[in-house]
Amino acid sequence: MIREIWPGNRDLADADLERLYSYPADPKWLAVNFVSSADGGVTVEGRSATLSTPADRIVYRLGNDLADVVLVGAGTALIEGFEGGQPDQQAAERRRRHGLDPIAPVAVVTSGRSLPPDAPVITKASVPTIVITSAAAPADLRAAWSAAGADVMVAGTDTVDFRAAVDGLVARGLPRIDCEGGPHLFASLAAAGAVDELRLTIAPLLIAGTASRIATGAGLDPARLELASVLVEDGTLLLRYLL
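First, a word on what this report is: a plain description of the structure on this page. Remember, predicted model here, so these are calculated numbers, not experimental data.

Cut-offs and rules
- Residues numbered from 1 in each chain as written.
- Predicted model: local features only at pLDDT ≥ 70, side-chain atom pairs only at ≥ 80, totals over all residues.
- Heavy atoms only, no water.
- Pairing = 2+ DSSP bridges.
- Helix = DSSP H or I, 4+ residues; strand = E, 2+ residues; numbered from the N terminus.
- Contact = heavy atoms within 4.5 Å.
- Axes fitted to C-alpha atoms, helices over the stretch in contact; angles between N-to-C directions.
- Buried < 20%, exposed > 50% of the residue type's maximum accessible area, 1.4 Å probe, protein only.
- Parallel < 35°, antiparallel > 145°, perpendicular 65-115°, else oblique.
- Left-handed = near helix turned anticlockwise from the far one by under 90°.
- Nonpolar A, V, L, I, M, F, W, Y, C, P; charged D, E, K, R; others polar.

**A closer look at the sheet that holds strand S11 (residues 236–242)**
Inference 1: If you walk across this open sheet you meet the 11 strands as S2-S1-S10-S11-S9-S3-S8-S4-S5-S6-S7, and the pairing is mixed. Of all strands in the sheet, those bounded by a partner on one side alone are strand S2 (10–11) and strand S7 (151–154).
Inference 2: Of the strand pairs in this sheet, strand S3 (residues 29–37) and strand S8 (residues 176–179) are connected by four bridges, and their pairing is parallel. Paired with Ala-31 across the bridge in S8 is Asp-178.
Inference 3: Sitting on the sheet, helix H6 (residues 139–147) is in contact with strand S6 (130–133) and S7, with an inclination near 145° to S7.

Structural data, given as structure tokens:
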């Protein structure tokens, strides 16, 4: 059982976890989810799935089930095999209770050619995938995404404007945003001041090697985080920070 060790000290039932990982009643809330090893690596052989633990999968699912939209970088979508939401009965009931649409669309951020029109995240999605790009992306590629079924959002001129991208999702009625990486997307969102919460799982594993950390690329002045909760289950730490 997952146990809260701060700020309280108690075992958490499913309803407790759902309340803890719900999105606040706010005009916009963007939560970033990551799992890392104890030595700070976010992938094993290029993928994060090996690091995930049973407790991590519970909170990962909560982030997805309770969101209006799942935001992901194109590279992560391709490497991790994103195909859009496929909720089971539990997820559908949870979303119904929270007044959410049956399936959260995926929003994929790309500079352009990193996302082919036949990517599974576009062609296999149950609801149209939102492709977020800049005006610099070739017009024929944007047309190909649309022809494949995507809803193309242009945010920015030469590069993606991440604040405008988040505002664009909110304008579409998708204010509760679950960001599932990768590290470059997280760093860019943080640099734009668009992140409200970091949900970080520390898996009880050492991996060494050259794996990336959770935020890579855009530099930041050190951003102060406010610890919101600490949970533990079988050696896994589940941390929530507010930005």
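Still more to cover.
**So, helix H8 (residues 183–191)**
Spacing of three or four residues puts side chains on the same side of an α-helix, whose turn is 3.6 residues.
Inference 1: Turning to H8, its buried residues number three or more, namely Pro-183, Leu-185, Phe-186, Ala-187, Leu-189 and Ala-190.
Inference 2: Packing partners of the buried residues in H8 comprise S3, strand S4 (69–73), strand S5 (106–109), helix H7 (162–171), S8 and strand S9 (197–203).
Inference 3: Backbone geometry just after H8 places Gly-193 at a positive phi near 70°.

**Quick notes on unusual backbone geometry**
Inference 1: Note the cis peptide between Trp-6 and Pro-7, where omega equals 5°.
Inference 2: The topology assignment puts Pro-7 in the loop between strand S1 (3–6) and S2.
Inference 3: A cis amide bond links Gly-181 to the next residue, Gly-182, at an omega of 5°.
Inference 4: Its location among the elements puts Gly-182 in the loop between S8 and H8.
Inference 5: A positive phi angle, near 50°, is found at Ala-208, a position not held by glycine.
Inference 6: Inspection of the secondary structure assignment puts Ala-208 in the loop between S9 and strand S10 (226–233).
Inference 7: Phi angles above zero are rare outside glycine, and Asp-234 is one such case at about 50°.

**Regarding the packing of helix H2 (residues 54–65) against helix H4 (residues 89–97)**
Inference 1: Close contact between H2 and H4 brings their axes to 10 Å; oriented N to C, the two are set at 50°. Looking at the two axes, H2 sits oblique to H4. At the point where H2 passes H4, the crossing takes the right-handed sense. Of H4, the residues touching H2 (which contributes Arg-61, Leu-62, Asn-64 and Asp-65) are Gln-90, Ala-91, Arg-94 and Arg-95.
Inference 2: Counted by class, the contact of H2 with H4 contains two nonpolar, two polar and four charged residues.

**Quick notes on the environment of Leu-243**
Inference 1: Residue position: Leu-243 is located in the segment after S11.
Inference 2: Sequence spacing of Leu-243 and Leu-225 is 18 residues, and the spatial spacing of their C-alpha atoms is 5.1 Å.
Inference 3: With sequence-adjacent residues up to four places away left out, Leu-243 is seen in contact with Val-195, Asp-196, Glu-197, Leu-198, Arg-224 and Leu-225.

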